[in-house]
Amino acid sequence: MKNYQINYKINKVTHKIIYSNKTSNLVKKDILKIKNNPKILFIYDQKIKESIIKNYIKTLKSLKNKFFTLPVAGGKQNKDLNLLLNIINILNKNNFTKNSIILSIGGGVVGDVSSFAAALYMRGTFYFHVPSTMTSILDSCIGGKTAINYDNKINLLGTYYHPFRVYISHEILKYIPEREYRSGFAEAIKCGIIDNKQILRILNNDFLKIQNREFKVLKEISLKVLKSKIKFFINDVREKKKRLCLNFGHTFAHAVEMAGSLKNKYQINHGEAVALGIICEMKYANTNAKFINYILNIINKYGLSKSILLKRTSKNNFYKKIFENLFLDKKRVSKYPRYIKINKNLNPTISELRNFKKVKKIITETIKAY
């Protein structure tokens, strides 16, 4: 099967995203290019299919490099200081150098914490990543954001550190659990709205092919979404202006997650929260109603509104928490939370949530409609 590749440069360093059916041999080839026989720390999510992990371990053993393994549990509750320090301690105890490698296989949690450790250890070591969830494949695997949650606040501690290599494995993609698989497409919907409307047409017209996880269409949509994301961050790594547009839907989404999902109090995951946030932000911006309905149809098609707030009756408190959490937004530079406004021409601009009464109404009405 042919490999597909995207190259981009940050500070004159070439970073690569490679989409392939099997990626372990590609990882091996890239490790061999790094001089001085570097040590390797292999971090992986315990839920990933055992045969895939065994294949990676077999490949790493064949390199004759010293390597160490760290199986971890994914999930937001583990995106914390304990996991970060555990990784740092392994690197320190085994005398890793700046020329060493952290290789991780996992979703957003494993990727965010592993890359944060790679950024911190000796001010930066090589970081390779294989995303294993649809959200990480379509969003968090690139862009350089690293973070841990702290004091019940999402991504409170972090920095920017770009993976040297990202390997998207169609083999892994085939085993992603159904709800987790579908929820990742919220990030594709986001990129379709703020940049490339062709992404929306693919999501809408090729739903059955996507549902059946056909290689050709998944390769096409993955590469289009990642190219779109690169366009926004390539000249604005630290989110001073244009990159902020990638947070479309996330001002409300993070508030929803903080309202309960860190402790799994409310049955909602990140992609479902982003889908909810997208609708809230377009309603606040008075985006064209026909376009909102078009997006709602895609959201419903992918089942992104079916699992929210199952078997919960304390919704009023949930609405209140969402509203309060909007004002903990990290990107807020005044007393008003920033959000991405989709204007009448369907272009994204940076704006603020100033009408508190309208915000409360939209939160209540949108969640009830779900």
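Heads up: the structure comes first, above all this text.
Sequence order sets the numbering: in each chain, residues are counted from 1 along the sequence as written. Restriction of local features to residues with pLDDT of at least 70 applies here, the model being predicted, together with a cutoff of 80 or more for giving and counting side-chain atom pairs; totals for whole chains, interfaces and linings are based on all residues. Each side-chain value is derived from all of the structure's non-hydrogen atoms; neither hydrogens nor water enter the calculation.

### Brief notes about the overall build of the chain
Labels follow the DSSP assignment, with helices taken as runs of H or I lasting at least four residues and strands as runs of E lasting at least two, numbered in each case from the N terminus. Along its length, the chain carries 16 helices and 11 strands. Our radius of gyration is a C-alpha quantity, and the globule rule it is checked against amounts to 2.2 Å times the number of residues to the power 0.38. For the chain, whose C-alpha radius of gyration is 20 Å, the value lies close to the compact-globule estimate of 21 Å for 370 residues. In terms of overall dimensions, the chain has a C-alpha envelope of 60 × 40 × 40 Å along the principal axes. By the burial criterion, 57% of the 370 residues in the chain qualify as buried. Working definition of accessibility: Shrake-Rupley area with a 1.4 Å probe, residue cover restricted to the visible protein chains. A total accessible area of about 16900 Å² is found for the chain, and carbon and sulfur atoms account for 48% of it. Residues counted as positive are Lys and Arg, residues counted as negative are Asp and Glu, and His and the chain ends are not counted. Where a charge lies is defined by one atom per residue type: Lys uses NZ, Arg uses CZ, Asp uses CG and Glu uses CD. Across the chain, the mean location of the 68 positive side-chain charges is 3 Å away from that of the 24 negative side-chain charges. Note on exposure labels: buried denotes an accessible area under 20% of the residue type's maximum, exposed denotes more than 50%, and partly exposed covers the range between, all computed with a 1.4 Å probe on protein chains only.

### Description of the packing of aromatic side chains
For Phe, Tyr and Trp, rings pair up if their centres lie within 6.5 Å, where Trp contributes its six-membered ring, and each pair is then called stacked (planes under 30 degrees apart), edge-to-face (over 60) or tilted (otherwise). Inspection of the entire model under this criterion finds 18 aromatic pairs. Ring centres of Phe-327 and Phe-356 lie 5.2 Å apart, and the angle between their planes is 90°; this geometry places the pair in the edge-to-face category. Taken together, the residues Phe-327 in the loop between helix H15 (315-326) and strand E10 (338-342) and Phe-356 in helix H16 (residues 356-369) connect sequence positions 29 residues apart. Connected via pairs of aromatic rings, a cluster forms that spans Phe-126, Phe-128, Phe-164 and Tyr-167. Working rule: Lys NZ or Arg CZ, within 6 Å of ring centre, within 35 degrees of ring normal, means a charge sits over the ring. Taking NZ or CZ as reference, Arg-165 lies 3.9 Å from the ring centre of Phe-164, over its face. The aromatic ring of Tyr-4 is capped on one face by Lys-219, whose charged end is 4.4 Å from the ring centroid.

### A look at the sheet that holds strand E1 (residues 4-10)
The rule for pairing is simple: two strands pair if DSSP sees at least two bridges between them. One open sheet holds the 7 strands; their spatial order is E1-E2-E9-E6-E5-E3-E4, and the pairing between them is mixed. Here the strands that pair on one side only, and so sit at the sheet edges, are E1 and strand E4 (67-72). Adjacent strand axes in the sheet meet at a mean angle of 15°, parallel and antiparallel pairs treated alike. Alignment of strand E2 (residues 13-20) against strand E9 (residues 165-169), held across 5 bridges, turns out to be parallel. Axis lines are fitted through C-alpha atoms, for helices just across the contact stretch, and the angle between N-to-C directions can take any value from 0 to 180 degrees.

### Quick look at the pairing of strand E6 (residues 126-131)
Most of E6 sits inside the fold, with 5 of its 6 residues counted as buried. Bridge analysis of strand E5 (residues 101-106) against E6 gives 6 bridges, and the strand direction is parallel. The partner of Ile-105 across the bridge, within E6, is Val-130. On the question of chirality, the crossover connecting E5 to the parallel E6 by way of helix H4 (residues 108-120) is right-handed. With 2 bridges joining them, E6 and E9 adopt parallel strand pairing. Within E9, the residue paired with His-129 across the bridge is Val-166. The crossover handedness rule: strands pointing away from the viewer, path from first strand over the helix to second strand clockwise, crossover right-handed.

### Digging into the pattern of salt bridges
The rule for a salt bridge is simple: a side-chain nitrogen of Lys or Arg has to be within 4 Å of a carboxyl oxygen of Asp or Glu. Within the structure shown, the criterion is met by 15 salt bridges. Across the pair Lys-76 and Glu-257 runs a salt bridge, and its minimum N-O distance is 3.7 Å. Of the two residues, Lys-76 is situated in the loop between E4 and helix H3 (81-93) and Glu-257 in helix H12 (residues 250-258); the sequence distance between them amounts to 181 residues. We note a salt bridge from Lys-79 to Asp-112, for which the minimum N-O separation is 2.7 Å. With Lys-79 in the loop between E4 and H3 and Asp-112 in helix H4, this residue pair connects regions lying 33 residues apart in the sequence. Accessibility expressed as a relative area gives 8% for Lys-79, which makes it buried. The exposure class assigned to Asp-112 is buried, which follows from its relative accessible area of 11%. Each of Asp-139, Glu-187, Lys-190 and Lys-229 takes part in one network of salt bridges that share partners.

### As for H4
Here the expected span of a helix is defined as 1.5 Å times the quantity of residues minus one. Compared with an ideal rise of 1.5 Å per residue, which puts 13 residues at 18 Å, H4 spans 18 Å between its outermost C-alpha atoms and is within 8% of the ideal. Of all 13 residues in H4, 11 are buried; the element is thus mostly enclosed. Along H4, the residues classified as buried are Val-109, Val-110, Gly-111, Asp-112, Val-113, Ser-114, Ser-115, Phe-116, Ala-117, Ala-118 and Ala-119. At the C-terminal side of H4, Met-122 shows a positive phi close to 50°.

### Some remarks on the nonpolar core
Nine residue types can take part in a nonpolar core, namely buried Ala, Val, Leu, Ile, Met, Phe, Trp, Tyr and Cys, and a core is a set of them joined through side-chain atoms within 4.5 Å. Ranked by size, the top nonpolar core spans 81 residues in total, and within it Phe-185, Ile-189, Ile-193, Leu-203, Ile-210, Met-282 and Ile-295 carry the most contacts. Looking at this core element by element, the count peaks at 10 residues for helix H11 (residues 215-233). Contact criterion: two residues are considered in contact whenever any of their non-hydrogen atoms come within 4.5 Å of each other. Apart from the residues lying within four places of it in its own chain, the contact partners of Ile-193 are Leu-200, Phe-248, Ile-278, Met-282, Phe-291, Ile-295, Ile-342 and Leu-346.

### Structural notes on the environment of Glu-178
Secondary-structure assignment places Glu-178 in helix H7 (residues 178-183). Relative accessible area serves as the criterion here: at 37%, Glu-178 is assigned to the partly exposed category. Sequence separation between Glu-178 and Leu-203 is 25 residues, and the spatial gap between their C-alpha atoms is 16 Å. A polar side-chain atom of Glu-178 sits 2.8 Å from a polar atom in the side chain of Arg-182. Any N or O atom pair separated by 3.5 Å or less is treated as a polar contact, with the protein-specific requirement of one donor-capable and one acceptor-capable atom, and with residues adjacent in sequence counted only for side-chain atom pairs.

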